[in-house]
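Structural characterization, general
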Amino acid sequence: MISKLISDYSLIFIIEIVCCFFLLYISNIILTEIKFFDHPSERKIHNAPVTPSGGIALFISFLIISFLFNFDTWLLYLILSSTLIVIIGIIDDKIGLGIKIRVFTQLVACLIILSLNVYISDLNQIIGFQFKYDFILGMVFTIFCVIAYTNANNFIDGYDGLASTYNIIIYLCIIILLILNNQISHIIFSLMMVIGLLIFTLFNLNLFKLPRIFLGDCGSTFIGFITSWYLIYLHFNFPNIFKPTLVIWLIAISFFDFLRVIISRFFRNKDFLNPELNHIHHLLDNIINNNKIVLNIIVVLQIFFILFGLVLNIYIESIYAIYFIYISIFIFYYFFFERLSHLKSN
């Protein structure tokens, strides 16, 4: 079945590979010509100007391939609705609009997608009991989850290869789960994402002497927005496979770090939205000072959380027990990395 799927779509996969390489190259050249750079600053760890062309190129590539693949209408709608996220992201990369405008844009884009009636509708599966107006609360909760993960993904996009590798692992996990549950025909979208992100990672890590490029806020919010909605789409269509108690482990690292940073800023009377160099990658880099090792540590930690979450979902029936374990691990994560943060400041 998989071999047939690959043979049927091999031409389109080849087109995506060529398209991604071409667009990443061209967009980098164009942005260099117009001097559109992500410049070094005190809150950034790169020391030379780099074009934030990755997000633009991936968006155009995914848009082209989406039409060629003839995706489910909802998935095509998702790519199209993310145009708003991308446009605002490009402007933000250029002049710095600030996160408030980005969040408002994300809210508007969410409301557009909600018109297709795909959202977290069964709160009973998440919290164990029903609300009288759970369809309204479900929509609100869905918007909250999407905006939270979209910005969490933006938070971890501060280290070469991290945001792309992190999302590649999520999509590979989705592919494996779909294959194991005989839903092979539904892996195409995830494969498209994996191919695009893999090619971008080659550029981002400056491998094979390819020009170094960044996702930019445009790309990190675009990927975060797409991934969060796709996980909701999978839960909506395959609730017994993509349970909430499993999905939370797929995104554990980014969510833990996002929440830790927000709480830390609250206790330090800092602006929630003011950027700092105290994310997981910054703290590990401060100790190890080696990009490859830090990236591998976070990847291994992410894979561990995913495997741990799978085991819990197989052997533990109580959703409350799984949530308790999840919260307990977050508390440990919070104090461990806050300690590292204090060591760094001292």
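Keep in mind the model is a prediction, meaning the values are calculated, not measured.

Below, the discussion takes up the overall build of the protein chain. For the protein chain, the count of helices and strands is 15 helices and zero strands. Buried residues in the protein chain amount to 52% of all 346 residues. The long-range fraction of contacts in the protein chain, counting pairs at least 24 apart against all pairs at least 6 apart in sequence, stands at 72%. Total accessible area on the protein chain is roughly 16,300 Å²; 69% of this is exposed by carbon and sulfur atoms.

What helix α3 (residues 73-81) keeps buried is the set Trp74, Leu75, Leu76, Leu78, Ile79 and Ser81. As for α3, its buried residues are in contact with α2 (54-69), α4 (83-95), α5 (99-114), α9 (188-204) and α10 (216-237).

To continue, consider the pattern of salt bridges. Applying the stated criterion across every chain yields a total of five salt bridges. Within this structure, Asp92, Arg102 and Asp217 form a network of salt bridges that share partners.

Quantified by volume, the second largest pocket comes out at close to 670 Å³. What lines the second largest pocket is a set of 24 residues, and nearest its centre among them are Phe141, Cys145, Ile248, Ile251 and Phe255. Elements with a contribution of two residues or more to the lining of the second largest pocket: α7 (134-156), α10, α11 (244-250), α12 (252-267) and α15 (319-345). Looking at the lining of the second largest pocket element by element, the count peaks at seven residues for α7. When its residues are assigned to classes, the lining of the second largest pocket shows 22 nonpolar, two polar and no charged.

The next subject is the packing of aromatic side chains. Inspection of every chain in the model, using the stated rule, returns 26 aromatic pairs. Note that Lys94 overlies the ring of Phe36, its terminal NZ or CZ placed 5.1 Å from the centroid.

To continue, consider the nonpolar core. In terms of nonpolar packing, the biggest core is built from 104 residues, with Tyr171, Ile174, Phe189, Phe225, Trp229 and Phe242 touching the most fellow members. Per element, the largest residue contribution to this core is twelve residues, and it comes from helix α8 (residues 162-180). Ala148, Ala152, Phe258 and Ile262 belong to the second-largest nonpolar core, a separate cluster that totals six residues.

Considering the arrangement of structural elements, one finds Leu111 in helix α5. It is 9.8 Å that separates the C-alpha atoms of Leu111 and Ser81, two residues lying 30 residues apart in sequence.

Right, let's talk about empty space enclosed by the protein for a bit. Going through the model one piece at a time under the given rule, you end up with one cavity of 30 Å³ or more. As a volume, the largest cavity reaches approximately 40 Å³. What lines the largest cavity is simply Ile85, Ile88, Gly89, Arg102, Thr105, Gln106 and Thr221. Of all elements in the fold, only α4 and α5 reach the threshold of two or more residues within the lining of the largest cavity. Looking at the lining of the largest cavity residue by residue, the classes come out as two nonpolar, four polar and one charged.

This next bit is on α8. For α8, spanning 19 residues, the distance from its first C-alpha to its last is 27 Å, which sits close to the expected 27 Å at 1.5 Å a residue. Burial within α8 is extensive, with 15 of its 19 residues counted as buried. Asn182, located one to two residues past α8, shows a positive phi value of around 55°.

For Ile329, the location among the structural elements is in helix α15. Considering only alpha carbons, one finds Ile329 and Ala252, 77 residues apart in sequence, at a separation of 9.9 Å. Ignoring any residue separated from it by four or fewer positions in sequence, one finds Ile329 in contact with Trp249, Phe256, Phe305 and Phe308.

A separate point is a nonpolar patch on the surface. Together, Phe22, Tyr25, Ile26, Ile29, Ile30 and Ile34 line one region of the surface with nonpolar side chains, adding up to about 560 Å² of accessible area. Assignment of secondary structure puts Ile34 in the loop between α1 (2-33) and α2.

Another aspect to go through is the side chain of Glu338. Mapping Glu338 onto the fold places it in helix α15. For Glu338, a relative accessible area of 8% puts it in the buried group. Here Ser264 takes part through its side chain, which lies 3.0 Å from a polar atom of the side chain of Glu338. Not counting residues within four places of it along the chain, the set of residues in contact with Glu338 comprises Arg260 and Ser264.

Quick notes on the rules
Residues numbered from 1 in each chain as written. Predicted model: local features only at pLDDT ≥ 70, side-chain atom pairs only at ≥ 80, totals over all residues. Heavy atoms only, no water. Helix = DSSP H or I, 4+ residues; strand = E, 2+ residues; numbered from the N terminus. Buried < 20%, exposed > 50% of the residue type's maximum accessible area, 1.4 Å probe, protein only. Contact = heavy atoms within 4.5 Å. Areas by Shrake-Rupley, 256 points an atom, 1.4 Å probe, with all protein chains shown as cover. Salt bridge = Lys/Arg side-chain N within 4 Å of Asp/Glu carboxyl O. 1 Å grid on protein atoms, 1.4 Å probe; cavity = no way out; pocket = protein on both sides within 12 Å on 5 of 7 lines; lining within 4 Å. Points joined across faces, edges and corners; volume = space filled by probe spheres on them. Nonpolar A, V, L, I, M, F, W, Y, C, P; charged D, E, K, R; others polar. Phe/Tyr/Trp six-rings, centres within 6.5 Å; stacked < 30°, edge-to-face > 60°. Lys NZ or Arg CZ within 6 Å of the ring centre and 35° of its normal. Core = buried A, V, L, I, M, F, W, Y, C linked by side-chain atoms within 4.5 Å. Expected span 1.5 Å × (residues − 1). Patch = residues over 30% accessible without salt bridge, like charges linked within 9 Å, V, L, I, M, F, W, Y side chains within 5 Å. Polar contact = N/O pair within 3.5 Å; in protein donor to acceptor, adjacent residues only side chain to side chain.

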